[in-house]
Amino acid sequence: MTIADSNAPDDSRQGQIEQAIRQVTALIGKACDASERSPQQVRLLAVSKTKPESDIRAAYQAGQREFGENYVQEGVSKVQAMTDLADITWHFIGPLQSNKTKDVAQNFAWMHSLDRLKIARRLNDQRMKGQPPLQVLIQVNIDDEHSKAGINLTEVASFAAALQAFDQLTLRGLMAIPRADATPEQQAQSYGAFQQAFGNLQASYPQVDTLSLGMSNDLDAAIQHGSTMVRIGTAIFGKRDT
Ligand SMILES: *Cc1c(COP(=O)(O)O)cnc(C)c1O
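Criteria and cut-off values
- Residues numbered from 1 in each chain as written.
- Predicted model: local features only at pLDDT ≥ 70, side-chain atom pairs only at ≥ 80, totals over all residues.
- Heavy atoms only, no water.
- Helix = DSSP H or I, 4+ residues; strand = E, 2+ residues; numbered from the N terminus.
- Contact = heavy atoms within 4.5 Å.
- Buried < 20%, exposed > 50% of the residue type's maximum accessible area, 1.4 Å probe, protein only.
- Near = heavy atom within 4 Å.
- Polar contact = N/O pair within 3.5 Å; in protein donor to acceptor, adjacent residues only side chain to side chain.
- Areas by Shrake-Rupley, 256 points an atom, 1.4 Å probe, with all protein chains shown as cover.
- Salt bridge = Lys/Arg side-chain N within 4 Å of Asp/Glu carboxyl O.

Student: Give a detailed account of the side chain of Ser-98, specifying residues and quantitative values.
Tutor: As for its position among the elements, Ser-98 is in the loop between strand S3 (89-92) and helix H5 (101-107). With near-sequence residues (within four places) excluded, Ser-98 lies in contact with Arg-116, Lys-118, Ile-119 and Arg-122.

Shown next, in the form of structure tokens:
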């Protein structure tokens, strides 16, 4: 068996992933209907962390073009193994330490988890000339959880202003990983505040168009609160082992 063969999905896995993407797309459509939004306003980011290259190829064959990875080394090796799929857009969505910024700066098109200026400066300096600017989202800790990364909502305006100094970064919006155990009331409150902060940011920066919010288990609420990009792993690729 050749390497290419081992990275090709088998027929049943291909069918499974195709069906899952259809189902998720239908759920996005339903949530958009319920909020009187157009499904074209919500992009699907397939979160492929821990999943093999063959799964990404299966999703690609099903028409998926945007993929999210959380771990630098794993992500970079996937990006470099799939340069034949030239129209994939790769998003880095995980925590990033400053000694790994170069890998993200040079291999990804988007970075969702920006919450430190030191990281921004390094990404800006390490993005190669000739590459388009790195598209960045500011990660916000919308539920003020000690365990979570992200800046506070009250810091968004000043952080965004500071990012304007970096010409290899284009600020496109905000990202959050909400707490999973919120009551519906807490969720409405924190998603609502986040949506409002996004609106304020859009009013200041015309290129800001992306609210990265919503995972497999909060897709409806995210779309109701203005999400323009949902990050879906489990509902497409199945449970992760790790
Ligand atoms: C893993 C992950 C996801 C996908 O979560 P699922 O529940 O599997 O859909 C989305 N966003 C981030 C930042 C993640 O780490």
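Student: Residues and numbers for helix H6 (residues 117-126), please.
Tutor: Along H6, the residues that are buried comprise Ile-119, Ala-120, Leu-123, Asn-124 and Gln-126. If you follow the buried residues of H6, they end up packed against H5, strand S4 (110-114), strand S5 (134-139), helix H7 (156-163) and strand S6 (169-175).

Student: Talk me through the site of the ligand; I want residue IDs and the actual numbers.
Tutor: Close to the ligand lie 13 residues, the nearest being Lys-49, Asn-70, Ser-216, Arg-231 and Thr-234. Between the ligand and Lys-49 there is a distance of 2.7 Å, counted from an oxygen atom to a side-chain nitrogen or oxygen. Measuring from a nitrogen atom of the ligand, one finds a side-chain N or O atom of Arg-231 at 2.8 Å. Here the ligand has 390 Å² of accessible area as a free molecule, and 89% of this is covered by the chains.

Student: Give a detailed account of the pattern of salt bridges, specifying residues and quantitative values.
Tutor: Overall, the coordinates contain ten salt bridges when judged by the stated rule. For Lys-78, the salt bridge is made with Glu-69, and the minimal N-O distance between the two is 2.9 Å. Given a relative accessible area of 8%, Lys-78 falls into the buried group. When its relative accessible area of 0% is taken as the criterion, Glu-69 is described as buried. Across the salt bridge formed by Lys-78 and Glu-74, the nearest N and O atoms sit 2.6 Å from each other. Here the residue Lys-78 and the residue Glu-74 both occupy positions in helix H4 (residues 72-81), the gap between them amounting to four residues, near one helical turn. When its relative accessible area of 21% is taken as the criterion, Glu-74 is described as partly exposed. Three or more residues joined by partner-sharing salt bridges are found here, namely Glu-53, Arg-57 and Asp-84.

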